[in-house]
Amino acid sequence: MSAALAEERPLSPLRLGLGRFARNRTALGAAILVLLFVLAALLAPWIAPHDPADADLFRRLQPPAWQEGGDWAFPLGCDGLGRDILSRLLHGARVSLMVAALVIGIAAVVGTLLGLAAGYFRGWTDAVISRLVDTLLGFPYLIFAIGLMAMMGPGLHNIVLVLVYKEWVFSCRVVRGETLAAREQDYVEAARALGCGPGHIMLREILPNVLSPVLVVATFRMAYVIILEASLSFLGLGVQPPSPSWGNMVADGREFLVDAWWVSTLPGLAILTLVLAINLASQGLRDAFDPRLHQA
Amino acid sequence: MTASRLVERLLQTLPVLFGISVIVFLMITLTPGDPVEIMLADSRATPEQAEQLRRDLGLHLPLHERFLVFLGNAVTGDFGVSFFHRRPVIEVILERLPATIELTLAAMLLALAVAIPLGVAAAVKRDTWLDRALSAASLFGVSLPGFWFGILLILLFSVTLGLFPVGGRTPFDLEVARVSGFLLVDTLLAGRLDAFAAALRHLALPAVTLGLPTAALLARVVRSSMAEVLTSDYVLFAEAKGISRARVLLRHALKNALIPVVTVAAIETGSLLGGNMIVETVFGWPGLGRLVVESIFARNYPLVQAAVLLYAVTYVTLNFLADVAYTALNPKVRL
Amino acid sequence: MSALLEVRGLRTVFPTRRGPVAAADGVDLTIAAGEALGVVGESGSGKSVTFLSVLGLVRPPGRVVAGEIRFDGRDLRRLPRAELRALRGRQMALAMQDALSALNPAFTIGQQLCETLVAHGLARTEAEARPQAAALLDKVGIPSAAQRLDDYPHQFSGGMRQRAMIAIALAGRPRLLVADEPTTALDVTLRAQVLDLLDDLRRQDGLALALITHDLAVVAERCARVMVMYAGQVVESGPTAEVIVAPRHPYTRGLLESLPRLEDPDRPLHPIPGQVPDLARVDAGCRFRNRCPLAVPDCAKPVPLAEAGVGRLSRCIRAAEVA
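Parameters and conventions
Residues numbered from 1 in each chain as written. Chains lettered and ligands numbered in written order. Predicted model: local features only at pLDDT ≥ 70, side-chain atom pairs only at ≥ 80, totals over all residues. Helix = DSSP H or I, 4+ residues; strand = E, 2+ residues; numbered from the N terminus. Rg over C-alpha atoms; globule rule 2.2 N^0.38 Å. Buried ≥ 20, exposed ≤ 12 C-beta atoms within 10 Å, placed from the backbone. Contact = placed C-beta atoms within 7 Å. Domains from an automatic or database assignment. Nonpolar A, V, L, I, M, F, W, Y, C, P; charged D, E, K, R; others polar. Axes fitted to C-alpha atoms, helices over the stretch in contact; angles between N-to-C directions. Parallel < 35°, antiparallel > 145°, perpendicular 65-115°, else oblique. Left-handed = near helix turned anticlockwise from the far one by under 90°. Expected span 1.5 Å × (residues − 1). Pairing = 2+ DSSP bridges.

Asker: Explain the overall build of chain C to me, using residue names and the numbers behind them.
Answerer: Along its length, chain C carries eleven helices and twelve strands. Computed over the C-alpha atoms, the radius of gyration of chain C is 20 Å, within 12% of the 20 Å expected from 2.2 N^0.38 for a compact globule of 323 residues. Oriented by its inertia axes, the alpha-carbon framework of chain C measures out at about 65 × 50 × 40 Å. For chain C, the proportion of its 323 residues judged to be buried stands at 47%. For chain C, the proportion of contacts with a sequence separation of at least 24, taken over those separated by at least 6, is 64%.

Asker: Explain the overall build of chain B residue by residue, including any values.
Answerer: When its secondary structure is counted, chain B shows 13 helices and two strands. When each of the 335 residues of chain B is scored for burial, the buried share is 43%.

Asker: A description of the domain arrangement of chain B should follow, citing residues and the corresponding values.
Answerer: Split into domains, chain B comes out as domain 1 (16–75) and domain 2 (97–288 + 315–329). Put simply, the middle of domain 1 of chain B and the middle of domain 2 of chain B, counted by C-alpha atoms, are 38 Å apart.

Asker: Quick one: what's the story with the interface of chain A and chain B, residue by residue and with numbers?
Answerer: The interface is formed by 37 residues belonging to chain A together with 40 residues belonging to chain B. Those elements that place two or more of their residues in the side of chain A that touches chain B are α5 (123–137), α6 (141–152), α9 (198–235) and α11 (261–289) of chain A. Residue contributions to the side of chain A that touches chain B peak at ten residues, all from α11 of chain A. Residues of the side of chain A that touches chain B, tallied by class, amount to 25 nonpolar, nine polar and three charged.

Asker: So what's going on with the interface of chain B and chain C? Residues and values would help.
Answerer: Listed by partner, the interface residues are 16 residues for chain B and 25 residues for chain C. The set of elements that each furnish at least two residues to the side of chain B that touches chain C consists of α10 (233–240) and α11 (245–283) of chain B. Within the side of chain B that touches chain C, the residues separate by chemical class into seven nonpolar, four polar and five charged.

Asker: Could you give me a rundown of the packing of α6 of chain A against α9 of chain A, with the residues and numbers involved?
Answerer: All names here are of chain A. At a closest axis distance of 11 Å, the pairing of α6 and α9 adopts a crossing angle of 45°. When the axis of α6 is compared with that of α9, the two are oblique. At the point where α6 passes α9, the crossing takes the right-handed sense. Where α6 approaches α9, its residues Y141, L142, A145 and M149 are matched on the opposing element by L228, S231 and L232. Of the residues in the contact of α6 with α9, the class split is six nonpolar, one polar and no charged.

Asker: How would you sum up α6 of chain A? Please name residues and give values.
Answerer: Residue and element names in this part refer to chain A. Compared with the 16 Å implied by 1.5 Å per residue over twelve residues, the 16 Å span of α6 between its first and last C-alpha is a close match. Of all the twelve residues making up α6, ten are buried; the element is thus mostly covered by neighbouring parts of the structure. Among all positions of α6, only L142, I143, F144, A145, I146, G147, L148, M149, A150 and M151 are buried. Positive backbone phi, at 90°, marks G153, one or two positions downstream of α6.

Asker: Describe in detail the pairing of strand β9 (residues 225–230) of chain C, supporting the description with residues and values.
Answerer: Residues and elements named next belong to chain C. Of all six residues that make up β9, six are buried, and the element is covered over most of its length. Summarising the sheet, strand β3 (residues 36–40) and β9 pair through four bridges and their orientation is parallel. Counted as the bridge partner of L37 is R225 from β9. Where β9 and strand β10 (residues 233–239) come together, six bridges link them in antiparallel fashion. Opposite M227, over in β10, you have S237 as the bridge partner. Hairpin connection between β9 and β10: a loop of two residues separates the two successive antiparallel strands, and A231 in this loop has a positive phi of roughly 50°.

Asker: Hey, could you go over the arrangement of the chains for me, with residue numbers and the actual values?
Answerer: The highest contact count of any of the two pairs of chains in contact belongs to chains A and B. A gap remains between chain A and chain C, with no contact made and the closest C-alpha atoms lying 12 Å from each other.

Asker: Explain the sheet that holds strand β4 (residues 63–71) of chain C to me, using residue names and the numbers behind them.
Answerer: Residue and element names in this part refer to chain C. Pairing within the open sheet is antiparallel, and its four strands lie in the order β2-β1-β4-β5. Edge positions in the sheet fall to β2 (19–32) and β5 (74–75), since each has one partner strand and no second. Sheet topology places strand β1 (residues 3–16) next to β4; seven bridges connect them, and they run antiparallel. Within β4, the position partnered with T12 by the bridge is V64.

Asker: Tell me about the domain arrangement of chain C, and please be specific about residues and values.
Answerer: Residues and elements named next belong to chain C. Splitting chain C by domain gives domain 1 (3–91 + 174–321) and domain 2 (104–173). Put simply, the middle of domain 1 and the middle of domain 2, counted by C-alpha atoms, are 30 Å apart. Between domain 1 and domain 2, the contact holds eleven residues from the first and 14 residues from the second. The greatest single-element share of the side of domain 1 that touches domain 2, amounting to five residues, is contributed by helix α8 (residues 188–205).

Asker: Before we move on, could you go through the sheet that holds strand β6 (residues 92–95) of chain C and cite the residues and values that matter?
Answerer: Strands in a sheet are paired, the pairing made by backbone hydrogen bonds, and the direction either parallel or antiparallel. The sheet built from eight strands is open, its strands ordered β6-β7-β8-β3-β9-β10-β12-β11 (chain C) with mixed pairing. In the strand order of this sheet, the two ends are held by β6 and β11 (306–307) of chain C, each with one partner.

Asker: Quick one: what's the story with the environment of S158 of chain B, residue by residue and with numbers?
Answerer: Residue and element names in this part refer to chain B. Residue position: S158 is located in helix α7 (residues 146–160). On the basis of neighbour count, S158 is assigned to the partly exposed category, with 18 C-beta atoms found within 10 Å. In sequence terms S158 and F70 are 88 residues apart; their C-alpha atoms lie 45 Å from each other. With near-sequence residues (within four places) excluded, S158 lies in contact with F164, P165 and V166.

Asker: Can you tell me about the packing of helix α4 (residues 85–121) of chain A against α9 of chain A, naming the residues and giving the values?
Answerer: Residues and elements named next belong to chain A. Look at α4 against α9: their axes get within 7 Å of each other, and the N-to-C directions meet at 145°. Note on packing geometry: the crossing formed by α4 with α9 is right-handed. Listed contacts from α9 to S96, V99, A100, V103, I104, A108, T112, L116 and Y120 of α4 are P198, M202, I206, L207, V214, A218, R221, M222, V225, I226, E229 and A230. When the residues that make up the contact of α4 with α9 are grouped by side-chain class, the tally is 17 nonpolar, two polar and two charged.

Asker: Just give me the short version of unusual backbone geometry, but keep the residues and values in it.
Answerer: For the peptide bond that leads from P60 of chain C to P61 of chain C, omega is 10°, which places it in the cis range. Positive phi outside glycine occurs at R122 of chain A, with the angle close to 50°. For R122 of chain A, a count of 15 C-beta atoms within 10 Å translates into the label partly exposed. You will see that D72 of chain C, though not glycine, has its phi angle at about 55°, which is positive. Structurally, D72 of chain C is set in the loop between β4 and β5.

Asker: Would you mind going over the environment of I151 of chain B in detail, with residue names and values included?
Answerer: All names here are of chain B. Here I151 lies in helix α7. On the neighbour-count criterion, I151 (25 C-beta atoms within 10 Å) is buried. In sequence terms I151 and A107 are 44 residues apart; their C-alpha atoms lie 17 Å from each other.

Asker: Describe the pairing of β3 of chain C, with residues and values.
Answerer: Within a regular strand, the side chains alternate between the two sheet faces. All names here are of chain C. Judged by how many residues are buried, β3 sits mostly within the fold: five of five residues are covered. Along β3, one buried face is formed by A36, G38 and V40 and the opposite face, lined by L37 and V39, is buried too. Pairing between β3 and strand β8 (residues 208–213): five bridges, direction parallel. In the sheet register, A36 faces β8, and the bridge partner there is L209.

Right, here's the structure in full:
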């Protein structure tokens with residue numbers, strides 16, 4: 001861990017890890033599946049066969065196409081208001097992924113910056129940030145989110161805010177630890193000796209080296225945030241109808257459980273598939289980036 | 001754990017508890033507009049009643065004084081009056097608590113009962129098809145959205161097969177003297193085996209919904225802990241002594257492997273409290289979680305605040321106990 | 001001299017990512033009752049694997065693929081699992097290098113002693129086993145043994161822990177003790193105490209001892225016979241006194257020259273140059289030839305373990321020239 005490492009810095013650990021990742025077939029397949037979900041979400045307005053809000057009581061609880069009474073124009077059937085489930089699923093993917101991406105993105109940036117500051121300056125900066133981290137970790141996540149959403153009221157904007165309030169803690173903890181370690185490394189010492197300011201050292205010298213753990217944490221947390229958003233929407237505290245979200249679609253279907261299994265089941269299956277794919281991919285990333293696994 | 005280490009760890013929780021109370025206190029300031037007006041929006045409250053509520057919430061005081069009042073009240077368990085129930089908040093909460101605790105404990109016991117044998121089996125049969133299958137199942141389990149899993153169980157076992165009730169905690173006509181508040185205990189105390197069976201049938205699906213994802217997580221912990229212990233010298237030495245394989249695995253290895261599991265289980269019990277809100281809503285379980293969700297829609301803010309505080313304090317306490325348990329169980333750490 | 005343990009052609013293989021590795025490859029050895037055999041070699045030479053194979057304790061995915069392990073006339077490889085387990089601890093026992101990791105931290109010394117006694121039918125219950133357990137601790141020189149039974153391993157000092165572990169290993173009154181580096185973790189005084197203890201047991205009870213070590217000095221002092229292993233094979237064996245004075249394998253000579261000598265502290269030390277070959281890539285020839293000063297082209301041909309004097313064996317085609 002000395003001069004040699006300093007020279008082959010910034011991107012190499014990231015690139016090495018991605019190479020290892022690409023050789024793990026399960027993880028790669030899962031990552032491709034996640035990308036398909038992303039693609040479907042982005043293209044939803046163009047590929048969805050119908051308007052997700054287009055209700056027609058004549059089609060109320062129409063079963064999926066392969067069941068009796070189904071119709072290939074509405075391949076996955078219709079919900080209690082006669083809206084096309086496939087179209088709603090595609091638009092719901094937009095909501096789920098957008099919330100998750102915004103939350104994870106903002107939280108990673110905030111958490112990384114605060115983690116860098118805590119690890120680099122130590123002293124009272126670290127004390128304040130670390131106490132805040134400990135406090136936020138003192139809440140079970142869902143309780144925290146439900147409590148704040150209860151006060152702030154439902155809505156997309158508020159979900160993102162509430163989840164970010166807690167989510168930054170996870171990247172912050174990791175980055176703080178890595179920064180504390182990096183601080184003692186030769187390349188940081190060297191930069192300091194050359195008269196570089198703290199901003200330069202943190203962003204130019206340390207940041208590139210903490211990116212891979214942040215990436216691993218972010219993908220791993222992403223799965224959790226998707227479930228959280230769906231849970232909040234299920235409880236009626238998240239995305240509000242008529243906006244389709246997987247969570248509120250499951251909730252809508254509860255009334256028809258006896259007559260129309262597909263209304264609740266299909267959106268849940270979408271959540272499970274996406275979360276499973278993200279978990280598989282993030283497990284692959286962790287294996288690829290965890291240096292402890294590669295020393296042997 | 002030495003006494004000084006224990007005190008030190010206890011002192012570390014104080015700033016966390018303080019921070020938590022600040023955040024819970026500030027929650028209500030996040031409401032857009034006047035909380036009293038929002039809370040009373042649906043009711044035909046007189047201006048006097050509104051003024052009373054304002055006073056109860058201490059909204060007429062400056063922020064820092066309000067916090068001190070809040071903190072003082074919280075420490076003494078006074079969370080004001082639930083406008084909705086017309087009774088003290090703490091009373092309403094305590095009434096619902098046993099149902100939630102019963103469900104949480106049942107879920108955790110179920111999770112441990114599933115996770116320990118499966119985790120041990122995976123570790124013993126490491127890198128075989130069994131290990132891989134269990135690891136896949138565990139990943140599946142942690143990816144399950146709880147609310148949907150509960151609905152699937154209802155669809156399959158209640159609606160289709162009719163094996164379990166769709167929801168609730170007891171049949172409507174069940175009357176048993178409340179002693180502990182835990183139905184499984186109270187029905188047995190009353191000698192009512194039929195009622196016990198009914199309570200168990202009501203508990204089954206919610207406990208599975210809550211417990212199975214936890215089992216998935218715990219099974220991973222058991223597996224990795226057990227796998228590590230199995231490579232230890234003391235397991236080899238125990239085998240060299242000629243004692244039976246079962247004894248080596250279940251006594252020598254498992255006792256050590258379970259130390260980290262106890263810690264994780266204690267922390268996860270705290271997380272289950274959060275999951276309760278979902279499961280209680282899905283199954284109409286009359287516990288604290290459902291009360292909170294109902295209170296949110298009734299804009300019963302004092303109760304929501306009190307419940308969030310209670311959950312967080314319980315969570316921090318469980319984390320603390322997990323630490324204590326870890327050191328207490330680990331003879332190498334004990335001094 | 002009738003052998004208590006006789007191993008012929010033992011081959012134990014571990015699958016690795018680079019292919020199967022024979023950690024013990026064609027090992028022959030014999031130990032008689034009351035005899036101490038020193039087993040010498042660097043770490044990775046196969047000395048521990050050889051004896052774990054004897055005890056049937058090779059961890060999967062490693063396994064014994066060939067050879068014959070005769071203990072008291074019975075072929076252990078053909079023995080059902082349960083019978084082999086009944087022999088372990090009762091007929092043959094293992095003492096390990098680090099008692100702190102070999103003893104289970106979660107059980108008291110007494111529990112670990114008593115369970116062995118019960119497992120081999122020497123006592124019916126653990127309570128009944130306690131006097132025997134105390135006697136065993138006393139025998140290995142632990143003061144106020146009866147009171148110390150309820151202590152956990154971490155409450156013992158290092159030397160006591162090592163002796164307690166030996167007491168546990170000997171609880172079933174085995175006829176063979178495999179002692180794998182039993183003194184490496186100890187300081188000089190404790191080392192002598194533990195070795196004295198093993199010596200006494202050997203003389204009094206006729207215990208056969210396989211003393212695995214990388215310390216030739218210990219072997220010279222305590223073992224009548226020595227066996228030197230290198231890269232999974234036995235390269236030389238014979239009476240310790242003769243082997244040390246006149247080694248018949250260049251590797252043994254190299255080992256001796258790399259040791260400091262008490263009587264001649266100024267003698268320059270010669271570490272053996274080069275590296276142990278990769279066991280996944282060895283051929284049939286001599287495995288030491290890449291480091292050997294005497295190597296000739298013929299060393300690339302298979303080299304058997306051959307007689308090199310009375311009671312001496314060497315796996316070197318130029319055994320006679322080694323001085």
